[in-house]
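If you want the building blocks of each chain, they are given just below.
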Amino acid sequence: MGAFGYRKPEDLPRKIPIFPLGGALLLPRGTLPLNIFEPRYLNMVDDALAGERLIGMVQPTTGSGEADLPILHEIGCLGRITSFSETDDGRYLINLTGISRFRTTRELPASTPYRQIEADYGVFGEDLLARETDLPIDRDRLADALRRYVESHGFQADWSAVESAPAEALVNALAALCPFLAEEKQALLEAPGVPERAEALVTLFEIYSADDDTPTPMQ
């Protein structure tokens, strides 16, 4: 059984609302907490909750584009709202759980205040496969690179989790939580699979362990 009952790419909706947000990384089976306060995205969450609870996360590119209508990367990740609460001042606090990556086929005309796109999940069919066994990653090399990274920048890590967490959960957490630049987060999203994403993480850890310039953490 795939995530939330979706077995194959054809089971997923082609038309989806999107939330453009730089530096926010959602991966299949990963989670992303969001603080929603803009009226158009409050409306988007309302509409999602009334339907299948699905939202596509996409990062703006570093290229040109209107501030209110940025140019977006083609690859994003579809997520399902798995927790929801409302604050006294009208904000929504939600958690998205990643289902599958997608490629944007085209942006759709929309009467809603938020943007909508046509999504193609075809090349990301493996995102929906249930993980019956742990994935092959070089955990020792990843842990060693992570250790040098956190020590060089004064960060902290839960080493018991690094040693015991399933490979995909570990890689997802590190990719989402480490304060990499937006384009580096996009590269992690677009890595073909978890082993390749782990290798990309090792490369980033090694670069930033040897470089005094640390990316600004996400706010």
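Preceding block: the structure.
I will try to describe carefully the structure that is included in this document. Note that this is a predicted model, so its numbers are computed, not measured.

Things to note about the environment of F84
As for its placement among the helices and strands, F84 is situated in strand β6 (residues 75-86). Relative accessible area serves as the criterion here: at 37%, F84 is assigned to the partly exposed category. Ignoring anything within four residues of it in the chain, the contact list for F84 reads V45, L49, Y92, L93 and I94.

A few points about the packing of aromatic side chains
In this structure the tally under the stated criterion is eight aromatic pairs. When the ring of Y149 is compared with that of F180, the centres are 6.1 Å apart and the planes differ by 40°; the resulting orientation is tilted. Here Y149 is found in helix α2 (residues 139-153), whereas its partner F180 is found in the loop between α4 (167-177) and α5 (182-190), with 31 residues between them in sequence. The buried category is assigned to F180, whose relative accessible area is 3%.

Overview of the nonpolar core
In this structure, I36, L142, F180, L201 and F205 are the most contacted members of the largest nonpolar core, which totals 48 residues. In terms of residue count, helix α6 (residues 194-209) provides more of this core than any other element does, seven residues in total. In this view, L142 contacts I137, L170, V171, L174, A198, L201, V202 and F205; residues no more than four positions away in its chain are not counted. If you look at the next biggest cluster of nonpolar residues, it comprises 15 residues, including Y6, I18, A119 and Y121.

A look at the pairing of strand β8 (residues 116-120)
Put simply, side chains in a regular strand alternate between the two faces of the sheet. Most of β8 sits inside the fold, with four of its five residues counted as buried. Judged from the three bridges that link them, strand β1 (residues 15-20) and β8 form a sheet pairing that is antiparallel. Counterpart to P17 in the pairing with β8 is Q116. Inspection of the sheet shows strand β7 (residues 92-108) paired to β8 by five bridges, in the antiparallel sense. Residue T104 lies in a different strand from β8, and its bridge partner there is A119.

Rules used throughout
- Residue numbers run consecutively from 1 along every chain, following the written order of its sequence.
- Where local features are concerned, this predicted model is filtered to residues with pLDDT of at least 70; where side-chain atom pairs are given and counted, the filter is 80 or more; whole-chain, interface and lining totals use all residues.
- Working from all heavy atoms in the structure, the side-chain values ignore hydrogens and water.
- Elements are defined by DSSP. Helices are runs of H or I of four residues or more, strands are runs of E of two residues or more, and each kind is numbered from the N terminus.
- Buried residues are those whose accessible area, probed at 1.4 Å on protein chains only, stays under 20% of the maximum for their type, while exposed residues exceed 50% and partly exposed ones sit between those limits.
- The contact definition used throughout considers only heavy atoms, calling two residues in contact when any of these lie within 4.5 Å.
- What counts as a ring pair is set by centres within 6.5 Å for rings of Phe, Tyr and Trp (its six-membered ring), and what kind of pair is set by the plane angle: stacked under 30 degrees, edge-to-face over 60, tilted for all other angles.
- Residues enter a nonpolar core if they are buried and are Ala, Val, Leu, Ile, Met, Phe, Trp, Tyr or Cys, with the set joined through side-chain atoms within 4.5 Å.
- We call two strands paired when DSSP finds no fewer than two bridges between them.

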